[in-house]
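# Geometric and topological summary
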Amino acid sequence: MKQLKETHGLSRRTFLSQTAVGLAAATWGGTTVMAQEAGVRPERTGGVKVLNPRGRVPVGIIIDDSTCLVNLNRFAMPQFNDAWGGKQTVYHRRWKEWPAEIPDSFVRRFAEWALDRGVKGKYSIVPYPACVGRMDRGLPGWSRRELEDSLALVRESIAPNWDIHPEMVSHTRVIDLKTGQPYPDQTPAYMENWDWTTGRSAGEIGDYLAYALQILKNAGLSCEGITTPGGFGSRARPQLAQGTLDAVRAVFGAEIPHYFRDLYDEGDRSVAPRVELASALDGDDPRCVVSIVGCTGDWTGGWDCVEPEGVDRFITEDLSQGRMVEVIERGEPAIMVCHWTGVYWNGEERGFKIWQEVERRLRARYADRIQWMKLCEVARYWAAKELTGIRETRTSVAFEAPFACPAFTVEVPSAPGSKAPTLAAGSEVTSLRAVSRPADLRSGTCLRERDRLVACFDLPNGRSELRG
Ligand SMILES: [Zn+2]
């Protein structure tokens, strides 16, 4: 079993397995995970099962290290090297030969491809990339006009299909929130990628996340989640979860904050999202935070423009194998991971070419079985899947939902009769239209099979009832 999340060089595999043992790992849906607080869960009676949205496997792409204009790792590499006193050869790359900019012309082509193909996921905007300049105050080396145009491009062409996340403030040196400047200490203890979060409270980590989120808010962007840079939060997981919940709610008022911290790029360990810190489900202000888990490594060129491992790691040419085939076949969300540095690959666009082929192959085999989703859409679906109360009676299924959810899809065993089921919520009653193929399931439809009814509908928050 291996887990690789970019720690920019230093592999984290060993650390994770030890911690699993040390932290008296809890089971979650039959899988061993970090001992995170799940929070409360609603009562459920009967055999109703919540399926994937529309009965399709969510897929998406997580893009790290992206930001406006700045080629982050061209500036970060020397700072990583300094942090380790020049001793880590992984940072002895020829970064001065790399372009300082990833141009908007490339961002636009990538965004248009994604809009055309319906590709979705998450796109980081590092708020103060490698301490070059702040998105809300200006970037030395670029004009204000260029920055404003770049932010507008993100708002108009990226944000429709991609969640925007900070990662965290600089992705390099930790910023002193009192001065807005990096701390003078340049050792790993004051680098976002490494140990700064260890031993810090949820309040301290939450304040740091809120600072990052506020810069993006000032720059006219909107966020429902955050991405951790490198090992940020890896030894402060409960505090990271609480800090994310508090900061994303405080700065953006998001109903269901989410974060990207972990990935598993092989093996049968679950990559399903984790719904954490659930509370006050039956009140006016239900709360939870969702950890989105990646299921691949970066096989598109990495954070530092290495030789890409290529398309076949995701899905082979004959469409029969690869990590995506493994995860889609077991029905878990298959969220792929990469870095903008490698997608652009210093202008050779090696990662972008790989994504175009991955998308083509997935569509060739799974067009009717997958659904591209933003991380906030996956987070909302999983919050509804885990936190909706369900009570089945002989003639109906009652839902008590803290969170509304589009295309909520349930399987009701041996539902009697043939007439179209209805969904009642308050005085509103909607009939679901019968379809004959699973591929045609979408919100407002149902599929009857010999011993089950599959119903797909927009779940309202509060009370509703499916009547057969
Ligand atoms: Zn990163």
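This is a predicted model, so every value here is computed, not measured.

Reading guide: rules and limits
In this convention, every chain numbers its residues from 1, walking through the sequence in written order. Confidence filtering applies because this is a predicted model: local features only for residues at pLDDT of at least 70, side-chain atom pairs given and counted only at 80 or more, and all residues used for totals across whole chains, interfaces and linings. As a convention, hydrogens and water are excluded, and side-chain values are obtained from all of the structure's heavy atoms. Elements are defined by DSSP. Helices are runs of H or I of four residues or more, strands are runs of E of two residues or more, and each kind is numbered from the N terminus. Buried means the residue's accessible area, taken with a 1.4 Å probe over protein chains only, is under 20% of the maximum for its type, while exposed means over 50%, and partly exposed covers the values in between. Here the accessible surface of atoms and residues is derived via Shrake-Rupley with a 1.4 Å probe, and residues count as covered only by protein chains that are part of the display. Only four residue types enter the tally: Lys and Arg on the positive side, Asp and Glu on the negative side, with His and both chain ends excluded. Note that the charge is assigned to NZ on lysines, CZ on arginines, CG on aspartates and CD on glutamates. You can read pLDDT as the predictor saying how much it trusts each residue, on a scale of 0 to 100. Residues count as neighbours in contact if any of their non-hydrogen atoms are within 4.5 Å of one another. Each Phe, Tyr or Trp ring, with Trp reduced to its six-membered ring, pairs with another whose centre is within 6.5 Å; inter-plane angles below 30 degrees give stacked pairs, above 60 give edge-to-face pairs, and intermediate values give tilted ones. For a ring to carry a charge above it, either NZ of a lysine or CZ of an arginine must fall within 6 Å of the ring centroid while also lying within 35 degrees of the normal to the ring plane. A pair of strands counts as paired when DSSP detects no fewer than two bridges linking them. Each reported salt bridge corresponds to a side-chain nitrogen of Lys or Arg within 4 Å of a carboxyl oxygen of Asp or Glu. Domains are outlined according to an automatic or database domain assignment. Here the buried area means the combined drop in accessible surface, using a 1.4 Å probe, for two parts upon being joined, counting both sides. For this analysis, a polar contact is any N or O atom pair within 3.5 Å, provided that within protein one partner can donate a hydrogen and the other can accept it, and provided that sequence-adjacent residues contribute only side-chain to side-chain pairs. Only Asp, Glu, Lys and Arg are considered charged, only Ala, Val, Leu, Ile, Met, Phe, Trp, Tyr, Cys and Pro nonpolar, and every remaining residue, Gly among them, polar. Cysteine sulfur atoms are paired as a disulfide whenever they fall within 2.5 Å.

### Topic: the overall build of the protein chain
Scanning the protein chain from terminus to terminus reveals 10 helices and 22 strands. Its C-alpha atoms put the protein chain at 70 × 45 × 45 Å along the principal axes. A buried classification covers 59% of the 468 residues belonging to the protein chain. Accessible surface for the protein chain amounts to roughly 18300 Å². Of this, 48% is attributable to carbon and sulfur atoms. Of the charged side chains in the protein chain, 59 are positive and 61 negative; the average position of the first set lies 2 Å away from that of the second.

### Some thoughts on the confidence of the model for the protein chain
A low pLDDT score tells you not to read the predicted coordinates there in detail. In this model, the protein chain carries a mean pLDDT of 93, and residues with pLDDT of at least 70 account for 91%. Across residues 1–34, where pLDDT falls below 50, the model places 90 contacts with residues more than four positions away in sequence or in other chains.

### Looking at the packing of aromatic side chains
Working definition: an aromatic ring pair is given by the centre-to-centre distance plus the angle between the planes. Counting across every chain of the model gives 26 aromatic pairs. Arranged with centres 6.2 Å apart and planes meeting at 55 degrees, the rings of Tyr 91 and Trp 303 form a pair that is tilted. Residue Tyr 91 is located in the loop between α2 (72–83) and α3 (104–117), and its partner Trp 303 is located in the loop between β11 (287–294) and α7 (323–329); the two are separated by 212 residues in the primary sequence. Ring centres 5.0 Å apart and planes at 80 degrees place the aromatic pair Phe 110 and Trp 340 in the edge-to-face group. With Phe 110 in helix α3 and Trp 340 in helix α8 (residues 340–344), this pair connects stretches of sequence that are 230 residues apart. Across the pair, Trp 340 and Phe 110 agree in class, each one buried. Feature note: the residues Phe 106, Phe 110, Trp 113, Tyr 123, Trp 162, Trp 340, Tyr 344 and Phe 352 constitute an aromatic cluster, connected by ring pairs. For the cation-ring pair, Arg 74 lies above Phe 75, with the distance from its terminal atom to the ring centre recorded as 5.1 Å.

### So, the sheet that holds strand β19 (residues 433–434)
With mixed pairing, the five strands of this open sheet are ordered in space as β4-β16-β21-β20-β19. Strands with a single pairing partner mark the edges of an open sheet, and in this sheet they are β4 (49–50) and β19. Relative to strand β21 (residues 452–459), strand β16 (residues 405–413) is paired through seven bridges, and the arrangement is antiparallel. In the sheet register, Phe 408 faces β21, and the bridge partner there is Phe 457.

### Things to note about the pattern of salt bridges
Pairing of side chains with opposite charge becomes possible as their charged atoms draw close. Applying the stated criterion across every chain yields a total of 35 salt bridges. Salt-bridge contacts for Lys 178 lead to Asp 176; the nearest nitrogen and oxygen are separated by 3.9 Å. Lys 178 sits in the exposed class, given a relative accessible area of 76%. A salt bridge links Glu 357 to Arg 360, with the shortest nitrogen-to-oxygen separation between them at 2.7 Å. Of the two residues, Glu 357 and Arg 360 are both situated in helix α9 (residues 350–366); the distance of three residues between them amounts to about one turn of the helix. Under the relative-accessibility criterion, Arg 360 is labelled partly exposed at 39%. Among the ionic contacts, a cluster of salt bridges with common partners joins Asp 116, Arg 117, Glu 359 and Arg 363.

### Topic: the domain arrangement of the protein chain
According to the domain assignment, the protein chain contains domain 1 (12–47 + 55–380) and domain 2 (389–467). Placing a centre on the C-alpha atoms of domain 1 and another on those of domain 2 gives a separation of 34 Å. Counting residues at the interface gives 16 residues for domain 1, matched by 14 residues for domain 2. Interface of domain 1 and domain 2: buried area, both sides summed, is about 1200 Å²; carbon and sulfur atoms make up 55% of it. Interface area lost by domain 1 to domain 2 is led by Thr 45, Gly 47 and Arg 380, which between them contribute 34%. Remark: the boundary between domain 1 and domain 2 carries zero salt bridges. At the junction of domain 1 with domain 2, the criterion picks out five residue pairs in polar contact (both at pLDDT 80 or more). For the side of domain 1 that touches domain 2, the secondary-structure elements that each account for two or more residues are β3 (44–45) and β11. Broken down by class, the residue content of the side of domain 1 that touches domain 2 amounts to five nonpolar, four polar and seven charged.

### So, the environment of Arg 287
In this fold, Arg 287 is placed in strand β11. Classification of Arg 287 as partly exposed rests on a relative accessible area of 30%. For the pair formed by Arg 287 and Glu 276, sequence separation is 11 residues and the distance between their alpha carbons is 9.2 Å. Setting aside residues no more than four positions away along its own chain, Arg 287 makes contact with Arg 249, Leu 277, Ala 278, Ser 279, Leu 281 and Phe 403.

### With respect to the state of the cysteines
By the definition in use, this model includes zero disulfides. The structure places no disulfide on Cys 288, whose sulfur is separated from the nearest cysteine sulfur, that of Cys 405, by 11 Å. Cys 405 forms no disulfide, and the closest cysteine sulfur to it belongs to Cys 456, at a distance of 9.3 Å.

### Here we look at the side chain of Arg 249
Positionally, Arg 249 belongs in helix α6 (residues 237–252). Owing to a relative accessible area of 18%, Arg 249 belongs among the buried residues under this scheme. Those residues in contact with Arg 249 that lie beyond four places of it in its chain are Thr 244, Ala 254, Pro 257, Asp 285, Pro 286 and Arg 287.

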